[in-house]
Number of protein chains: 2
Amino acid sequence: MNTVSQRTIERLSLYRRRLMVELADKDYIFSHQLAKLANSTAAQVRRDLMHLGYTGVPRKGYKIKDLISCISKFLDPTHIENVVIVGVGNLGKALLTFFKGRRPKLSLVACFDIDENKVGTEIAGVPCYHLNEMPQRIKELKVNIGIISSTENATKAISEMMIAAGIRSIINFTCYPLNIADSENVFLEQIDITASFEKAAYFSKTHLKKL
Amino acid sequence: MNTVSQRTIERLSLYRRRLMVELADKDYIFSHQLAKLANSTAAQVRRDLMHLGYTGVPRKGYKIKDLISCISKFLDPTHIENVVIVGVGNLGKALLTFFKGRRPKLSLVACFDIDENKVGTEIAGVPCYHLNEMPQRIKELKVNIGIISSTENATKAISEMMIAAGIRSIINFTCYPLNIADSENVFLEQIDITASFEKAAYFSKTHLKKL
DNA sequence: GATCAACTGTTTTTTATTTCACAATTTTTA
DNA sequence: TAAAAATTGTGAAATAAAAAACAGTTGATC
Ligand SMILES: NC(=O)c1ccc[n+]([C@@H]2O[C@H](COP(=O)([O-])OP(=O)(O)OC[C@H]3O[C@@H](n4cnc5c(N)ncnc54)[C@H](O)[C@@H]3O)[C@@H](O)[C@H]2O)c1
Ligand SMILES: NC(=O)c1ccc[n+]([C@@H]2O[C@H](COP(=O)([O-])OP(=O)(O)OC[C@H]3O[C@@H](n4cnc5c(N)ncnc54)[C@H](O)[C@@H]3O)[C@@H](O)[C@H]2O)c1
């Protein structure tokens, strides 16, 4: 199968956001200009765009408007996807607030917690239910995408509940490294902020050795 | 130079956290067991550990206690590193609250914002100053690591201020893709949560095609 | 309308990362 | 004490990703 790498998908997402900003200024953009905006190279940009089936014009570049809609057609779900988030502490709340209404095709429809002070309230305009209700709500709302930002120790159980309820994709912000069997065919994105911090600390002292 | 890849550093960070939990239960661990805990493979684990100069014992494995301190010696700064964070909105506050006091060698000493309601207060026990004061504070406190979680449009200017003030490593949570010249020799970690979301959405529909 | 310059799309090459495979080592067992 | 079993450390092979190279277009120029 002509499978597209995760790296390419990430870059396409970034290209689109950069192009949106550019759109105000001009009509066309060259691969080397987009590369600069996205911190990449012209060759890499052209290679990524190959997957879209959209072709630019030599000496003219890519029509920004068309390129954006082509990336959107490629990346975005055809219909609106419902998304849920489990664990609405500091991070969960930040994610909710930020993404609420931001991506038209991704709709944050519910969040879940076990904290009785949160259950029953609305957080950033999104209703918060008790974790117990999650499986039923996921099925009812046909949710395919789940975000976990609970405490670490609850991660595994939550992911199992999600998968059993039919979730197709999980984004895990906790430190717990989920291990999902291939046979489940669930996409997993592990975001390890702690590792990023330790990496930044490590390279703050070492990476300048390449001098 | 025997440079260690970013991927390896990330995994070492994860190994350490997993080992900390394991330590309560047992003394030794095999590469295949650690691999399972870290969602990796035995060969990958052994390869990563090669960099540490710590050797395990065939038929016995790695002494968890020693392995942890060896990873710490390798990853952690020798002395306490001061860290600052710029932009203390929802995300910045979550980061502050989470990391405050969590990593003994990384000390969050100050945060900066331009919101007058925040300047002059303490957030999660960390003093918040006006952005204007940043260069001076960074120099005074010998800060090497800076986190950006401001609004997107301020990112570039903030990074330039940081670099001019002597920061060695930047973690950028905003969507703006920073481009730091190689000659600056500043390590950059770009955390693009938006791309992660769009990736999760993309693969929720497509990745099961490998069936 | 021929020529030039500057781009694109794609093939090839290079580089980086992961996996494999196995000799060397150590413990266990007999 | 010798043989068997299991695990390590690492060179070599395989795979994945990025960069370079280049033929083919296209618009601009004369
Ligand atoms: N905040 C950060 O910067 C940061 C960085 C790295 C990792 N993380 C990880 O992200 C997760 C969330 O971080 P945070 O700062 O928001 O923590 P937090 O303590 O503020 O929030 C955790 C939330 O999860 C809820 N919760 C606990 N168990 C639950 C369960 N079984 N089901 C549903 N909800 C449950 C709690 O009630 C709370 O609301 C943590 O696991 C943390 O390790 C956070
Ligand atoms: N929250 C998320 O889940 C999320 C996800 C992806 C990306 N981001 C990015 O992270 C950044 C922060 O997100 P947030 O949700 O905390 O936003 P926020 O609006 O809650 O916080 C932004 C903070 O930055 C401050 N600020 C603005 N300009 C500044 C400047 N020049 N110097 C210092 N401080 C300044 C604001 O006063 C505010 O306190 C944004 O750029 C956003 O694009 C956030």
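Residues numbered from 1 in each chain as written. Chains lettered and ligands numbered in written order. Predicted model: local features only at pLDDT ≥ 70, side-chain atom pairs only at ≥ 80, totals over all residues. Heavy atoms only, no water.

Trainee: Outline the overall build of chain A, supporting the account with residue identities and numerical values.
Mentor: Counting its regular elements, chain A contains 8 helices and 9 strands. With the C-alpha coordinates aligned to their principal axes, the bounding extent of chain A is approximately 60 × 45 × 35 Å. For chain A, restricting intrachain contacts to residue pairs at least 6 apart in sequence, the fraction spanning at least 24 positions comes to 54%. Total accessible area on chain A is roughly 10200 Å²; 52% of this is exposed by carbon and sulfur atoms. Counting 29 positive and 21 negative side-chain charges, chain A places the centres of these two groups 11 Å from one another. (Helix = DSSP H or I, 4+ residues; strand = E, 2+ residues; numbered from the N terminus. Contact = heavy atoms within 4.5 Å. Areas by Shrake-Rupley, 256 points an atom, 1.4 Å probe, with all protein chains shown as cover. Lys, Arg positive; Asp, Glu negative; His and termini not counted. Charge placed at Lys NZ, Arg CZ, Asp CG, Glu CD.)

Trainee: Before we move on, can you summarise the domain arrangement of chain A with the specific residues and values?
Mentor: Under the domain assignment, chain A is made up of domain 1 (6-73) and domain 2 (81-196). Computed over C-alpha atoms, the centres of domain 1 of chain A and domain 2 of chain A are 31 Å apart. (Domains from an automatic or database assignment.)

Trainee: If you had to explain the protein's contact with DNA strand C to someone new, which residues and values would you point to?
Mentor: In the vicinity of DNA strand C there are 24 residues, among which Ser 31, Arg 47, Thr 55, Gly 56 and Tyr 62 of chain A approach most closely. The sugar-phosphate share of atoms of DNA strand C within 4 Å of the protein amounts to 59%. Arg 47 of chain A is positioned such that a nitrogen or oxygen atom in its side chain is 3.4 Å from a base oxygen of DNA strand C. One nitrogen or oxygen atom from the side chain of Arg 11 of chain B is found 3.0 Å from a phosphate oxygen belonging to DNA strand C. (Near = heavy atom within 4 Å. Polar contact = N/O pair within 3.5 Å; in protein donor to acceptor, adjacent residues only side chain to side chain.)

Trainee: Please set out the interface of chain A and chain B residue by residue, giving values where relevant.
Mentor: On the chain B side, the residues contacting the 66 residues of chain A number 67 residues. Carbon and sulfur atoms supply 62% of the area buried between chain A and chain B, which totals about 6000 Å² over both sides. The largest per-residue losses of area from chain A upon contact with chain B belong to Phe 197, Glu 198 and Lys 199 of chain A, which jointly make up 12% of the total buried on that side. Along the contact surface separating chain A from chain B lie 12 salt bridges. Note that Arg 17 of chain B and Asp 192 of chain A form a salt bridge whose closest N and O atoms lie 2.8 Å from each other. Among the elements of the structure, helix H1 (6-23), helix H2 (31-37), helix H4 (64-75), helix H5 (90-99), strand S7 (145-148), strand S8 (169-172), strand S9 (187-190) and helix H8 (193-206) of chain A are those that each provide at least two residues to the side of chain A that touches chain B. Looking at which element gives the most residues to the side of chain A that touches chain B, the answer is H8 of chain A, with 13 residues. (Buried area = accessible area lost by both parts, 1.4 Å probe. Salt bridge = Lys/Arg side-chain N within 4 Å of Asp/Glu carboxyl O.)

Trainee: Any details on the protein's contact with DNA strand D? Residues and values, ideally.
Mentor: Looking at DNA strand D, there are 23 residues lining it, with Ser 31, Thr 55, Gly 56, Arg 59 and Tyr 62 of chain B nearest. The separation between a phosphate oxygen of DNA strand D and a polar main-chain atom of Gly 56 of chain B is 2.6 Å. Those elements that provide at least two residues to the surface near DNA strand D are H1 and helix H3 (42-50) of chain A together with helix H3 (42-50) of chain B. Considering every element that reaches the surface near DNA strand D, the biggest residue donor is H3 of chain A, with 4 residues. Broken down by class, the residue content of the surface near DNA strand D amounts to 9 nonpolar, 6 polar and 8 charged. (Nonpolar A, V, L, I, M, F, W, Y, C, P; charged D, E, K, R; others polar.)

Trainee: If you had to explain the sheet that holds strand S6 (residues 126-130) of chain B to someone new, which residues and values would you point to?
Mentor: Residue and element names in this part refer to chain B. Sheet architecture is open: 7 strands sit in the order S5-S6-S4-S3-S7-S8-S9, paired in mixed fashion. The open sheet terminates on both sides in strands that have one partner only, identified here as strand S5 (122-123) and strand S9 (187-190). Bridge count for S5 against S6 is 2 bridges, and the pairing is antiparallel. By the bridge assignment for S6, Ile 123 is matched with Val 126. Helix H5 (residues 90-99) contacts strand S3 (81-86), strand S4 (106-113), S5, S6 and strand S7 (145-148) of the sheet and is inclined by roughly 160° relative to S4. (Pairing = 2+ DSSP bridges. Axes fitted to C-alpha atoms, helices over the stretch in contact; angles between N-to-C directions.)

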